[in-house]
Amino acid sequence: MVSIHNLVKRYGDVLALDHLDLEIKRGEIYGLLGPNGSGKTTAINCLLALLGYDKGSIRVFGENMEPDSYESKRRIGVVMQNVAVFEELTVRENIDYFCSLYVKDKKRRRQLVEEAVRFTGLEDHLKKYPKKLSGGLLRRLNIACGIAHRPELILMDEPTVAVDPQSRNHILEGIKKLNEQGSTIIYTSHYMEEVEKICTRISIMDRGRILATGTKEELKAMIGTGETITVETGGMTGEQVEEVRLLPGVVSADCQEGVLRVQCTQGAGNLTGLLHRLEEADIPFGRVWSQPPTLNDVFLEITGKRLRDRKEEEEG
Ligand SMILES: Nc1ncnc2c1ncn2[C@@H]1O[C@H](COP(=O)(O)OP(=O)(O)OP(=O)(O)O)[C@@H](O)[C@H]1O
């Protein structure tokens, strides 16, 4: 449905897209995951032919995408980072206005506006003006305006930035429903947990390049990092922790306030090896649990950088 090949975009000396390749199939919720400044917005703007580029090609619905590709553009819905609605129109009027740019039949439009309102949970706010809405509700309105005409392809650029958790959930559930109803979705974000939750395929981007692409399971299988094992112990000496660190398959081990955290490589037998070692050393332990690698581990291993997640941001 979308095919981007060898795309290069420079802003003066800044290389924003560095030979970017993307292949997005009908029916996907495709996640573009990357830190701020990695080129996500630039890629979206090029895809929409809002921005020229230096090299490469972009095809959407099997056609070259050009500034005057109006037929293709009618089939695309856009939800950009910056909220773009009319202050002098109410919530309902705004959604109806944007929908009217694509759908002339009034009866059909009424139906579509109602559906968009339901998708975004704006039922109780229809008569309000944008300036009376909270940040989260305003973003939901922005989304409703972008998707009301039921586009085949929806581009969403960080739609949940600065959104409260309730609105965030509404938005994520809405995206899944839109996809179930037939829309293909491209979703850019730097929130790993969101991408992990809703995206069927993910590309990890950094410095204008795609570093890895796959389902979340495929991405996790690409890296050497495996599970993290956590063990509640009665406390361990530095020497005992060091012995754990030297076990086969252990990348790092750390014990704080009696809680031992062991990062392992991928492979079987890490847990039994560790517990066996603790028993041998007469270290009593209580609860033990193991967590598979996260997208954060994937990102960290591929780029050497930590991608800030929402939880980390909230924790400051
Ligand atoms: N109009 C512009 N002029 C000059 N440089 C720009 C411009 N727009 C973006 N850049 C630079 O291009 C690079 C990619 O930016 P872009 O906004 O596409 O990244 P992003 O991943 O969408 O980040 P964010 O989430 O912060 O928007 C960055 O280095 C940015 O500073």
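Given the structure is predicted, the values throughout are model-derived calculations rather than measurements. (Residues numbered from 1 in each chain as written. Predicted model: local features only at pLDDT ≥ 70, side-chain atom pairs only at ≥ 80, totals over all residues.)

### Some words on the UniProt feature "domain: ABC transporter" (unreviewed entry) in the chain
When the UniProt feature table is mapped onto this chain numbering, "domain: ABC transporter" (unreviewed entry) sits at residues 2-232. Between the end C-alpha atoms of residues 2-232 the distance is 49 Å, and the span holds 35% helix and 30% strand. (UniProt positions renumbered as here; feature names shortened; annotations may be inferred. Helix = DSSP H or I, 4+ residues; strand = E, 2+ residues; numbered from the N terminus.)

### Considerations on the sheet that holds strand E11 (residues 225-233)
Spatial ordering of the open sheet is given by E12-E13-E11-E14, a layout of four strands whose pairing is antiparallel. Since the sheet does not close on itself, it has two edges, and those belong to strand E12 (250-256) and strand E14 (285-291), each with one partner. Going across the sheet, the axis of each strand differs from the next one's by a mean of 15 degrees, ignoring polarity. The sheet contact formed by E12 and strand E13 (residues 259-265) spans six bridges and is antiparallel. Within E13, the residue paired with Asp254 across the bridge is Arg261. (Pairing = 2+ DSSP bridges. Axes fitted to C-alpha atoms, helices over the stretch in contact; angles between N-to-C directions.)

### Thoughts on the packing of helix H5 (residues 135-147) against helix H6 (residues 165-180)
At their nearest, the axes of H5 and H6 sit 10 Å apart, and the two run at 15 degrees to each other. Between H5 and H6, the crossing angle belongs to the class labelled roughly parallel. The hand of the H5/H6 crossing is right-handed. Counting all contacts with H5, which are made through Gly136, Leu137, Arg139, Arg140, Ile143 and Ile147, the residues of H6 involved are Ser167, His170, Ile171, Gly174 and Leu178. Class assignment for the residues of the contact of H5 with H6 results in five nonpolar, four polar and two charged. (Parallel < 35°, antiparallel > 145°, perpendicular 65-115°, else oblique. Left-handed = near helix turned anticlockwise from the far one by under 90°. Contact = placed C-beta atoms within 7 Å. Nonpolar A, V, L, I, M, F, W, Y, C, P; charged D, E, K, R; others polar.)

### Considerations on the site of the ligand
The immediate surroundings of the ligand are formed by Tyr11, Val14, Ala16, Gly34, Asn36, Gly37, Ser38, Gly39, Lys40, Thr41, Thr42 and Glu158. At three residues, helix H1 (residues 40-47) tops the list of elements feeding residues into the shell around the ligand. Of the residues in the shell around the ligand, the class split is three nonpolar, seven polar and two charged. (Near = placed C-beta within 6 Å.)

### Some words on the sheet that holds strand E7 (residues 153-157)
What the six strands build is an open sheet, ordered E6-E7-E8-E3-E9-E10; its pairing is mixed. Across the chains shown, the open sheet's two edge strands, defined by having one partner strand only, are strand E6 (76-79) and strand E10 (209-214). Between one strand and the next, the sheet's axes are offset by a mean angle of 15 degrees, whatever the strand orientation. Two elements, E6 and E7, share four bridges in a ladder whose sense is parallel. Bridge assignment links Val78 to a residue of E7, and that residue is Leu155. Against the sheet, H6 contacts strand E3 (29-33), E7 and strand E8 (184-189), and its axis sits at roughly 155 degrees relative to E8. Each of strand E9 (201-206) and E10 is contacted by helix H11 (residues 295-303), which is oriented at about 40 degrees to E9, the strand it contacts most.

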